[in-house]
Amino acid sequence: MANDLFRRQLGSYASVHRDRRNKATHFVGIPLIVFSLLLLLSLWRFELGGREWPVSLAVAMVALLGWMALDLGIGVIMAVLMAPAWYAADALAGALGAPSAVWMAFIVLFVGGWVLQFLGHHYEGKRPALLDNIFQGFIGPMFLVAETVVVLGHRHDLARAIGEGEDDVTVR
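Here the residue numbering is sequential within each chain, running from 1 through the sequence in written order. Only residues with pLDDT of at least 70 get local features here, since the model is predicted, and only at 80 or more are side-chain atom pairs given and counted; chain-wide, interface and lining totals rely on the full set of residues. Hydrogen atoms and water are omitted, and side-chain values are computed over all heavy atoms in the structure.

1. What about the overall build of the protein chain?
Thinking step 1. In this text, helices come from DSSP runs of H or I with a minimum length of four residues, and strands from runs of E with a minimum of two, each type numbered from the N-terminal end. Of regular secondary structure, the protein chain possesses seven helices and two strands.
Thinking step 2. Secondary structure elements in the protein chain, listed N-terminal to C-terminal, are α-α-β-β-α-α-α-α-α.
Thinking step 3. The C-alpha radius of gyration computed for the protein chain amounts to 17 Å, which stays within 12% of the reference 16 Å derived for 172 residues, consistent with globular compactness.
Thinking step 4. Expressed as lengths along the three principal axes of its C-alpha atoms, the size of the protein chain is roughly 55 × 35 × 30 Å. For the radius of gyration, the atom set is restricted to C-alpha positions; the globular benchmark scales as 2.2 Å times the number of residues to the power 0.38.

What follows is the structure, encoded as structure tokens:
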């Protein structure tokens, strides 16, 4: 199911995400960063078909199409996760009201997410993959889903790509 580009990028990403503490910080930090971006992008709207739409929805849909192009199965799971995240971000932006409050929440969440990322890489002892390849920022959220799917005993093709062979993965 995964295309070759995704397997290569996932393997590259996984190579600097081996330490369990680094993975744990990423499982919190990456969703915080994604949510913060959706929150901020909810400030702006565009009109299409006689209706106003948040820019966050358009960006989320483009990201989902990209994730699905890399791996349909992981992309579909990403869509299931992204839908409530987008909805919550848009609702929070509306509840906060003032753009300054949305910006403040964005800064707190975004910076907090990145602090967790860099803390994790301190534990790992390796620099973030994003510093060497900006595309890794797009792969990061997929890594979380792929890692979870592999730990649950599925997608052995991804287990091999992230360096967890059959001996390391519970087969169901």
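2. With respect to the pattern of salt bridges
Thinking step 1. Think of a salt bridge as a Lys or Arg side-chain nitrogen and an Asp or Glu carboxyl oxygen that are within 4 Å of each other. Tallied over the entire structure, the rule returns six salt bridges.
Thinking step 2. Across the pair aspartate 19 and arginine 21 runs a salt bridge whose closest N-O atoms are separated by 3.0 Å.
Thinking step 3. The shortest N-O distance in the salt bridge between aspartate 90 and arginine 45 comes to 2.9 Å. One end of the pair, aspartate 90, is in helix 4 (residues 72-96); the other, arginine 45, is in strand 1 (residues 45-48), with 45 residues separating them in the sequence.
Thinking step 4. Each of Asp71, Arg155 and Asp157 takes part in one network of salt bridges that share partners.

3. Let's talk about the layout of surface pockets
Thinking step 1. Here a cavity means grid points, on a 1 Å grid over the protein atoms only, where a 1.4 Å probe fits yet cannot get out; a pocket means an open set of points with protein on both sides within 12 Å along at least five of seven lines; lining residues are those with an atom within 4 Å of a point. Grid points are joined across faces, edges and corners, and a volume is the space filled by probe spheres set on the points. Its volume calculated, the largest pocket comes out at about 450 Å³.
Thinking step 2. Lining the largest pocket we find 25 residues, and of these Ile33, Val34, Leu37, Gly137 and Pro141 sit closest to its centre.
Thinking step 3. For the lining of the largest pocket, the secondary structure elements donating two or more residues are helix 2 (20-41), helix 3 (55-70), helix 5 (99-124) and helix 6 (136-151).
Thinking step 4. The element that contributes the greatest number of residues to the lining of the largest pocket is helix 2, accounting for seven residues.

4. Examining the packing of helix 3 against helix 4
Between two packed helices, both the angle of their axes relative to each other and the distance between the axes serve to describe the pair.
Thinking step 1. Following both chains from N to C, one finds helix 3 and helix 4 inclined at 165 degrees, their axes separated by 7 Å at the closest point. It follows that helix 3 is roughly antiparallel to helix 4 by the angle criterion. By crossing handedness, the relation of helix 3 to helix 4 is classed as right-handed. In this structure, helix 3 contributes Ser56, Leu57, Ala60, Leu64, Trp67, Met68 and Leu70 to the contact, and helix 4 contributes Leu72, Gly75, Val76, Met78, Ala79, Met82 and Trp86.
Thinking step 2. Throughout this entry, Asp, Glu, Lys and Arg are counted as charged residues, while Ala, Val, Leu, Ile, Met, Phe, Trp, Tyr, Cys and Pro are counted as nonpolar. The remaining residues, Gly among them, count as polar. Counted by class, the contact of helix 3 with helix 4 contains twelve nonpolar, two polar and no charged residues. Axis lines are fitted to C-alpha atoms, over the contacting stretch for helices. Their N-to-C directions set the angle, which ranges from 0 to 180 degrees. The cut-offs work like this: below 35 degrees is roughly parallel, past 145 is roughly antiparallel, 65 to 115 is roughly perpendicular, and the gaps in between are oblique. Crossing handedness is read from the near helix: turned anticlockwise from the far helix by less than a right angle, it gives a left-handed crossing, and turned clockwise, a right-handed one. Here a residue-residue contact requires only that any non-hydrogen atoms of the pair lie within 4.5 Å.

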